[in-house]
Amino acid sequence: MNLFILFTLFMSSVEAYKVLLIYSLPARSIGILGEGHLRNLIDSGHEVTYITVYPLKNHKYGNKLQQIDVSDNVKSLPDNGIMDIGAIMHNGVPMNDVGTLQEISVHNAILTFENENVRKLINDPNVRFDVVISDLYETEVYAAFAALYNCPMIWSYSMGAQSSVLQLIDQPTNPAYTVDYLSSNTLPLSFQQRVEELWASIKWNVMKRFFLIPKEEAAYEKYFGPVLAKRGRRLPNYKELIYNASLIFGNEHHAVGNLPSTPQNFKFIGGYHIESPAKPLPKELQTLMDNAKDGVIYFSMGSIWQSKDIPNDVTEGLLKVFGELKQTVIWKYEANLQNLPKNVHILKWAPQQSILAHPNCLVFISHGGLLSSTEAIHFGVPTIGVPIFADQFLNVNRAVTKGYAIYVPLTINLPRDLKPAIETMLSDSGYRRKAWELSKIYHDRPVSPGAEVVHWVEHVIRTGGAPHLRSPALHVPFYQKFYLDLAAVLIVSFYILILAIKSIFCKSFKTKQRSDSKKTKRN
Ligand SMILES: *[C@@H]1O[C@H](CO)[C@@H](O)[C@H](O)[C@H]1NC(C)=O
């Protein structure tokens, strides 16, 4: 009875907030991050309206979850083979071009604003939210929703403490010791690498300022101006709006190391998408893994790139390498494969977290996406990284530097290169030890990352946008930060001083000349 009273008291003290959660990029792994937020928020009693490319089917959240379907956004992906491992292996696809990625992002945002379901939401004058949380990837135009609902804005960045996002709430980091997510450099940087990072940063900023912000601003005015006007309000200035976020969540954890210092409203929540404890494995898989007395090697290229696109001869080579192993190999492969060796099992869809959680899982062969990288540390499994794209190189390089991963390039020679990597990883226990060590660091936190998400979201709402967490650096103009005004004062003073000295010197020289000439005259 007492417990019941306590419980009702507790429940009534927790207010249910209305959250608008925006995950509009057509990338499955990004969708998983969105689901991480909604699970944690709804489990804590809040209501979520979820703009998503991957609506949940048969969910357990009832009317606590409203879904706005933007699955049409898959149209924004370029059709140039960027998603095709086979084409990439043959080196035919330009990857990691920041301009292309920025374009895709803005184009995708415009598709989102034009989506019928989103238009309905935007045009409904009765909808209100306490906070907007949006995925952040190469565009800040979703801040428009915070302007529309006149509420605080939180970004959830799918990667870590990158310069381009830190500058939204504080200032850019120094490229001399922070590596761009599209780069494959590792710290410490050589002279040439430092120049490369500086150039990447300049290029990003120029593209952003002169090509993207104008496009974003136009979309902002086009899609949100008339709606706000109907409600008798004016759009806030776009540049003020995008530098007005309350908080940024970074999907990374200190265990990966080499992170730059961050402002107080940047929160590392890496691992919040992982359900703990892991869901039980399907029965067949459980038996398979339990019975693998020499251990299991798990191979997955993630959810965006598909193993089935690997050219046939490479696939045959891989099966041959796997077939020679004592270990059981579980391969996430999205089609049927004939003539599998006895120890190789393919899964069209793999419950990755539960597989990694199994104590018999010895090695994870992975493309090094951020979710997979985080899960490897969470479950303490050493990895062989075969990066394809974007931040995967950065993630794999970091893991190699930390000592729990081996890098193998994605080429048609994959079978030849993978074989010694697997042998080394199985025979040298150092990799496994290192993965456990980092896992211990990763798990040693005051609260779980999911609880941290909920706390900070509630904190932002309760404190009216958490203005006390904002960095003063945001409102200091460039010339003041670098004391360019002082430099100007010094240069001008110095110049005046030189002039003064010159004129004094000239005057005394002239008087001397005059007196000299007088002397000569007298003589
Ligand atoms: C900035 O955010 C605060 C708090 O969320 C809000 O009150 C204010 O209206 C916002 N200003 C602009 C220009 O968006």
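Residues numbered from 1 in each chain as written. Predicted model: local features only at pLDDT ≥ 70, side-chain atom pairs only at ≥ 80, totals over all residues. Heavy atoms only, no water.

Brief notes about helix H17 (residues 449–462)
- Taking 1.5 Å per residue as the helical rise, H17 with its 14 residues ought to reach 20 Å, and the 20 Å between its terminal C-alpha atoms agrees with that figure.
- Within H17, 11 of the 14 residues are buried, leaving the element largely enclosed by the surrounding structure.
- Looking at the buried side of H17, the elements it contacts are helix H2 (28–43), strand E4 (131–136), strand E5 (153–157), strand E6 (247–250) and strand E7 (266–268).
- In the segment just after H17, Gly464 is the residue with positive phi, at about 60°. (Helix = DSSP H or I, 4+ residues; strand = E, 2+ residues; numbered from the N terminus. Expected span 1.5 Å × (residues − 1). Buried < 20%, exposed > 50% of the residue type's maximum accessible area, 1.4 Å probe, protein only. Contact = heavy atoms within 4.5 Å.)

Notes on empty space enclosed by the protein
- Taken as a whole and assessed by the stated rule, the structure comprises five cavities of 30 Å³ or more.
- Taken as a whole, the largest cavity holds about 440 Å³ of empty space.
- Around the largest cavity sit 35 residues that line it, and Gln162, Thr178, Val179, Asp180 and Tyr181 are the ones nearest its centre.
- For the lining of the largest cavity, the class distribution of residues is 13 nonpolar, 16 polar and six charged.
- The residue makeup of the lining of the largest cavity includes at least three contributed by each of domain 1 (12–274 + 448–475) and domain 2 (283–443).
- The calculated volume of the second largest cavity comes to roughly 160 Å³.
- In terms of lining residues, the second largest cavity is bounded by 15 residues, among which Val256, Ser373, Thr374, Ile377 and Tyr404 are the most central.
- For the lining of the second largest cavity, the secondary-structure elements that each account for two or more residues are helix H13 (370–379) and helix H14 (392–402).
- Residues from two domains meet in the lining of the second largest cavity; each of domain 1 (12–274 + 448–475) and domain 2 (283–443) gives at least three. (1 Å grid on protein atoms, 1.4 Å probe; cavity = no way out; pocket = protein on both sides within 12 Å on 5 of 7 lines; lining within 4 Å. Points joined across faces, edges and corners; volume = space filled by probe spheres on them. Nonpolar A, V, L, I, M, F, W, Y, C, P; charged D, E, K, R; others polar. Domains from an automatic or database assignment.)

Topic: the sheet that holds E7
- Strand order in the open sheet formed by seven strands is E3-E2-E1-E4-E5-E6-E7, with parallel pairing between adjacent strands. Two strands in the sheet have a free side with no partner beyond their single neighbour: strand E3 (65–69) and E7. Pairwise comparison of adjacent strand axes, ignoring direction, gives a mean angle of 20° for this sheet.
- Examined bridge by bridge, E6 and E7 share three bridges and lie parallel to one another. Counterpart to Phe249 in the pairing with E7 is Lys267.
- Across the sheet, H17 touches E4, E5, E6 and E7, and the angle it forms with E6 is around 170°. (Pairing = 2+ DSSP bridges. Axes fitted to C-alpha atoms, helices over the stretch in contact; angles between N-to-C directions.)

Concerning the UniProt feature "transmembrane region" (unreviewed entry) in the protein
- Per the UniProt record, "transmembrane region" (unreviewed entry) is found at residues 482–505.
- Secondary structure across residues 482–505 comprises 92% helix and 0% strand; the distance between its end C-alpha atoms is 35 Å. (UniProt positions renumbered as here; feature names shortened; annotations may be inferred.)

Notes on the packing of helix H4 (residues 98–114) against helix H5 (residues 116–123)
- Taken N-terminus to C-terminus, the directions of H4 and H5 make an angle of 65°; their axes are 5 Å apart at the nearest point. Here H4 is positioned roughly perpendicular relative to H5, judged by the angle of their axes. Here H4 contributes Thr112, Phe113 and Glu114 to the contact with H5, which in turn contributes Glu116, Val118 and Arg119.
- The residue makeup of the contact of H4 with H5, split by class, is two nonpolar, one polar and three charged. (Parallel < 35°, antiparallel > 145°, perpendicular 65-115°, else oblique.)

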